[in-house]
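An overview of the molecular structure
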Amino acid sequence: MTQAQLAQGNDPLLAVRDVSVVFGGIIALNGVSFNMLQGQILGLIGPNGAGKTTLFNCLSRLYQPSSGDILMEGKSILTRPPHRIAEIGIGRTFQNVALFPNLSVIDNVRVGAHARTSSDIVSDSLRLAWVRRGEADMNKKVHEILSYLDLDSVAHTVVSGLPFGTQKRVELARALAADPKILLLDEPAGGLNHEEVHVLGDLIRKIRADRKITVLLVEHHMGLVMSIADHVVALNFGRKLAEGTPAQIQADPDVIKAYLGSKDQ
């Protein structure tokens, strides 16, 4: 998908506006701004300590920016608590898999689907008709996602007994079950071998195409980012160092010096 296709008459789906985060005098983010267009795969890169995870945690409302704003479809998300961020269409995975280890695969994915249901404890306990219909729809969606990610064969397996790569797919399934408009992927290639990373890249592109989901990818695996991202934002020491297409970022001398390495180093 080209930038021209993405930009046709589109306002940003997500806008990060001059976001700063200060922890006890330490500046983790310093005036970072960028836009994400609908349907885009945006890669967020930078060396350790650049501020990538801090920004990710602001987007998922685990952190509150010290200043600036984050807009989703033109509306600030900063008044929303973390447990209500899925309601507006933001889903995420974690660098360290954050599943419920003693639950089955299907139950972990159901947790994600519950994030977008409107039932409450009273309605659930009374088993009202609309709640039963909602459960049937949810179970249908969960099974569809398990099939989509080739997890049918392990649906009833306890997550803790699965290989790490499979657990990462379960976490992705849980995020997709909440019907996100934007999917935040935090180091999805971490712990995967070369072939698994290649398969992951194909899967991310497929999810974008099939499910019309916009993807923000924080990743150290430069081959993955440069092969699938439409646009890349590079951070260093909490500031935006550069942004552009993968080719532009790979040729940027400041990025090469800070992150990619240079022949002189």
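Rules of the game
- Residues numbered from 1 in each chain as written.
- Predicted model: local features only at pLDDT ≥ 70, side-chain atom pairs only at ≥ 80, totals over all residues.
- Heavy atoms only, no water.
- Core = buried A, V, L, I, M, F, W, Y, C linked by side-chain atoms within 4.5 Å.
- Buried < 20%, exposed > 50% of the residue type's maximum accessible area, 1.4 Å probe, protein only.
- Domains from an automatic or database assignment.
- Contact = heavy atoms within 4.5 Å.
- Phe/Tyr/Trp six-rings, centres within 6.5 Å; stacked < 30°, edge-to-face > 60°.
- Helix = DSSP H or I, 4+ residues; strand = E, 2+ residues; numbered from the N terminus.
- Axes fitted to C-alpha atoms, helices over the stretch in contact; angles between N-to-C directions.
- Left-handed = near helix turned anticlockwise from the far one by under 90°.
- Nonpolar A, V, L, I, M, F, W, Y, C, P; charged D, E, K, R; others polar.
- pLDDT = per-residue confidence, 0-100.

**Here we look at the nonpolar core**
Formed by 47 residues in total, the largest nonpolar core has its most connected members in Ile45, Val105, Leu146, Leu149, Leu172, Leu176 and Ile204. In this structure, this core is formed jointly by two domains, domain 1 (13-89 + 180-264) and domain 2 (94-179), each of which donates at least three residues. Ignoring any residue separated from it by four or fewer positions in sequence, one finds Leu172 in contact with Thr93, Leu149, Leu183, Leu185, Leu203 and Ile207. Among the nonpolar cores identified, the runner-up in size contains 30 residues, and Leu13, Cys58, Leu78 and Ile90 belong to it.

**Quick word on the packing of aromatic side chains**
On inspection of all chains with the given rule, the structure shows one aromatic pair. A centroid spacing of 5.3 Å and a plane angle of 75 degrees characterise the contact between Phe23 and Tyr63, whose relative ring orientation is edge-to-face. Pair noted here: Phe23 is in strand β1 (residues 14-23) and Tyr63 is in the loop between α2 (52-59) and β4 (67-72), with a separation of 40 residues, a long-range link. Given a relative accessible area of 30%, Tyr63 falls into the partly exposed group.

**Overview of the packing of helix α3 (residues 105-114) against helix α6 (residues 164-176)**
Helices that pack against each other are described as a pair by the angle of their axes relative to one another and the distance between those axes. It is the contact of α3 with α6, at a shortest axis distance of 7 Å, that shows an interaxial angle of 35 degrees. In terms of crossing hand, the pair formed by α3 and α6 is right-handed. In contact with Val105, Asn108, Val109, Val111 and Gly112 of α3, α6 contributes Val170, Ala173 and Arg174. Residue classes in the contact of α3 with α6 are distributed as five nonpolar, two polar and one charged.

**A look at the confidence of the model for the protein**
Mean pLDDT over the protein works out to 87, with 86% of the residues at or above the 70 mark. For the protein, helix α1 (residues 3-7) is the element with the lowest average pLDDT, namely 45, and β4 is the one with the highest, namely 97. In this model residues 1-9 is a low-confidence stretch, pLDDT under 50, and it forms 13 contacts with partners more than four residues away in sequence or in other chains. Low pLDDT, under 50, characterises residues 118-123; the predicted model gives this stretch seven contacts beyond four residues in sequence or across chains.

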